[in-house]
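Each chain, letter by letter, is given below.
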Amino acid sequence: MQSVQLPKAAKLGLFRAMKAGVRGEYFSSESGTPQGGTISPLLANIVLHGLENVGHELRYKKLRGGKYIDTIKGFRYADDVVFILKLGDSPELLRKHIDAFLETRGLKVKEAKTKVVNSTG
């Protein structure tokens, strides 16, 4: 809730919705809002804001001549994220940075939904 930038009344409403659950769909919840709930896309966007930029710090280095190395591109839609790596990029190093980003938010990557694939074959 610290990273949410809303007017005080809206922030309080969001906090209460998270604690109360959604009437008619789910019962009150101490563990947050269930995936698929009315408010879960908003919560995913709040909590995961910035995850798509995790790859920037891995390759953002200035070369001679004033040019920069391309960064690892990340694309996020709600709680789904795709990173595009180039040949020679380390998926393991990227994963460590993703895990560190999520850990500060009390989250973990779901292994069953995570995979590294080659886009050329």
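Conventions we followed
Residues numbered from 1 in each chain as written. Predicted model: local features only at pLDDT ≥ 70, side-chain atom pairs only at ≥ 80, totals over all residues. Heavy atoms only, no water. Helix = DSSP H or I, 4+ residues; strand = E, 2+ residues; numbered from the N terminus. Buried < 20%, exposed > 50% of the residue type's maximum accessible area, 1.4 Å probe, protein only. Contact = heavy atoms within 4.5 Å. Areas by Shrake-Rupley, 256 points an atom, 1.4 Å probe, with all protein chains shown as cover. Salt bridge = Lys/Arg side-chain N within 4 Å of Asp/Glu carboxyl O. Polar contact = N/O pair within 3.5 Å; in protein donor to acceptor, adjacent residues only side chain to side chain. Expected span 1.5 Å × (residues − 1). Arc of directions from axis to C-beta. Phe/Tyr/Trp six-rings, centres within 6.5 Å; stacked < 30°, edge-to-face > 60°. Lys NZ or Arg CZ within 6 Å of the ring centre and 35° of its normal. Core = buried A, V, L, I, M, F, W, Y, C linked by side-chain atoms within 4.5 Å.

### Comments concerning the overall build of the chain
1) Next: For the chain, the helix and strand inventory stands at four helices and two strands.
2) Next: Order of helices (α) and strands (β) in the chain, N terminus to C terminus: α-α-α-β-β-α.
3) Next: Taking all 121 residues of the chain together, 24% fall into the buried category.
4) Next: In the chain, the share of contacts with a sequence separation of at least 24, taken over all contacts with a separation of at least 6, comes to 39%.
5) Next: Split by element, the accessible area of the chain, about 9,600 Å² in all, is 56% carbon and sulfur.

### As for the pattern of salt bridges
Where side chains of opposite charge bring their charged atoms close, a pairing between them can arise.
1) Next: This model, assessed by the stated rule, comprises three salt bridges.
2) Next: Glu52 is paired through a salt bridge with Arg76; the nearest N and O atoms lie 3.0 Å apart. With Glu52 in the loop between α2 (40-47) and α3 (56-59) and Arg76 in strand β1 (residues 73-77), the pair connects residues that are 24 residues apart, well separated along the chain.
3) Next: The exposure class of Glu52 is buried, given its relative accessible area of 17%.
4) Next: Taking relative accessible area as the criterion, Arg76 reaches 22% and is therefore assigned partly exposed.
5) Next: The partner of Arg95 in a salt bridge is Glu111, and the shortest N-O contact between them spans 2.4 Å. Of this pair, Arg95 sits in helix α4 (residues 91-103) while Glu111 sits in the segment after α4; the two residues are 16 residues apart in sequence, bridging distant segments of the chain.
6) Next: Several salt bridges converge on common partners, so that one network encompasses Arg95, Asp99 and Glu111.

### Regarding the side chain of Glu52
1) Next: Within the local environment of Glu52, its side chain forms a polar contact with the side chain of Arg76, the two groups lying 3.0 Å apart.
2) Next: With residues up to four places along the chain from it excluded, the contact list for Glu52 reads Gly74, Phe75, Arg76 and Phe83.

### Notes on α4
1) Next: For α4, which comprises 13 residues, the first-to-last C-alpha distance of 18 Å matches the rise-based estimate of 18 Å (1.5 Å per residue) to within 8%.
2) Next: Within the sequence span of α4, burial applies to Leu94, Ile98, Phe101 and Leu102. Projected down its long axis, α4 shows its buried positions confined to an angular sector of 95 degrees, all on one face. Seen from the open side of α4, the exposed residues pointing more than 90 degrees away from its buried face are Glu92, Lys96 and Glu103.

### Focus: the packing of aromatic side chains
1) Next: Taken as a whole, this structure holds zero aromatic pairs when the rule is applied.
2) Next: In this structure, Arg105 packs its charged tip against the face of Phe101, placed 3.6 Å from the ring centre.

### A short note on α2
Owing to its 3.6 residues per turn, the α-helix aligns residues three or four sequence positions apart on the same side.
1) Next: When α2 is considered as a whole, its buried residues turn out to be Ser40, Leu43 and Ala44. Along the long axis of α2, the arc covered by the buried residues comes to 100 degrees, so they all point the same way.

### Focus: the nonpolar core
1) Next: Grouped together as the largest cluster of nonpolar side chains are nine residues: Leu48, Leu51, Val54, Ile72, Phe83, Leu94, Ile98, Phe101 and Leu102.
2) Next: In terms of residue count, α4 provides more of this core than any other element does, four residues in total.
3) Next: Not counting residues up to four positions away in its chain, the partners in contact with Phe83 are Leu51, Glu52, Gly55, Ile72, Lys73, Gly74, Leu94 and Ile98.

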